[in-house]
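# Coordinate inspection notes
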Amino acid sequence: MTDIVAPSPNSPKAIGIAADHGGYKLKEQLAVKLREAGYKVVDFGSHKLVAGDDYPDFVIPLARAVAQGIVARGIAICGSGVGACVAANKIPRVRACLLNDTFSARQGVEDDDLNMICLGGRVVGQSLAWELVKTFLAAEFSGAERHLRRLGKVAELEGQTAITGWGK
Ligand code: RB5
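The present account deals with the structure reproduced in this document. All figures in this text were calculated on a predicted structure; none of them were measured in a lab.

Thresholds applied
Residues numbered from 1 in each chain as written. Predicted model: local features only at pLDDT ≥ 70, side-chain atom pairs only at ≥ 80, totals over all residues. Core = buried A, V, L, I, M, F, W, Y, C linked by C-beta atoms within 7 Å. Buried ≥ 20, exposed ≤ 12 C-beta atoms within 10 Å, placed from the backbone. Helix = DSSP H or I, 4+ residues; strand = E, 2+ residues; numbered from the N terminus. Contact = placed C-beta atoms within 7 Å. Arc of directions from axis to C-beta. Near = placed C-beta within 6 Å. Nonpolar A, V, L, I, M, F, W, Y, C, P; charged D, E, K, R; others polar.

### Let's talk about the nonpolar core
V59, A76, A88 and I117 are the most contacted members of the largest nonpolar core, which has 51 residues in total. Per element, the largest residue contribution to this core is eight residues, and it comes from helix α2 (residues 56-67). If we skip the residues at most four places from it in the chain, A76 touches A18, V59, L62, A84, A88, A96, M116 and C118.

Right, dumping it as structure tokens:
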């Protein structure tokens with residue numbers, strides 16, 4: 001079992017995590033690694049393995065928490081990571097991506113200000129997943145003008161000004 005930390009505006013550096021049945025095992029493994037690394041972990045479920053549960057039930061609350069700054073960044077896992085990514089990106093201010101390589105995990109934050117990573121529990125093993133998560137969490141948005149300009153054009157689709165950076 002993971003420690004459940006209640007979402008709180010006083011924990012802006014907390015990391016949110018969520019998974020359906022396809023990602024449950026990897027979620028539990030990553031939550032342990034995150035806690036060992038000193039992160040606060042907010043677990044949006046599923047809190048037990050339930051065959052046939054639905055990724056939007058867990059991923060959308062996590063995505064809303066990321067968008068609201070309740071958690072600094074989010075990790076969403078389903079079987080492939082695809083459904084989790086599609087669902088997360090429906091929430092304004094969420095920039096989520098399915099990742100399988102560390103280059104993109106770093107550059108996706110530096111250039112594109114990713115605030116959620118999506119993983120496939122049936123695709124990546126625990127070791128690669130942890131490398132991806134560590135890379136994602138260690139990276140910072142560059143703030144470069146060209147990237148702000150591009151993100152601004154994306155944010156216009158949501159009818160808002162781009163908001164970037166940890167916990168914002
Ligand atoms: C569930 O079987 C599976 O469809 C789901 O976990 C995810 O992979 C969807 O993209």
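Having seen it, we continue.
### A look at helix α4 (residues 102-112)
Counting along an α-helix, one turn takes 3.6 residues, and residues three or four places apart therefore face a common direction. Where α4 is concerned, the buried positions are A105, G108 and V109. In a view along the axis of α4, the buried residues occupy a sector of 90 degrees, so they form one face of it. In this structure, the buried side of α4 is in contact with β4 (96-98), β5 (116-120) and α5 (126-138). In the segment just after α4, D113 is the residue with positive phi, at about 55 degrees.

### Side note on the site of the ligand
By nearness alone, every residue bordering the ligand is listed as D20, G22, Y55, C78, G79, S80, V82 and G83. Within the shell around the ligand, the residues separate by chemical class into three nonpolar, four polar and one charged.

Keep in mind these values describe shape, not function.
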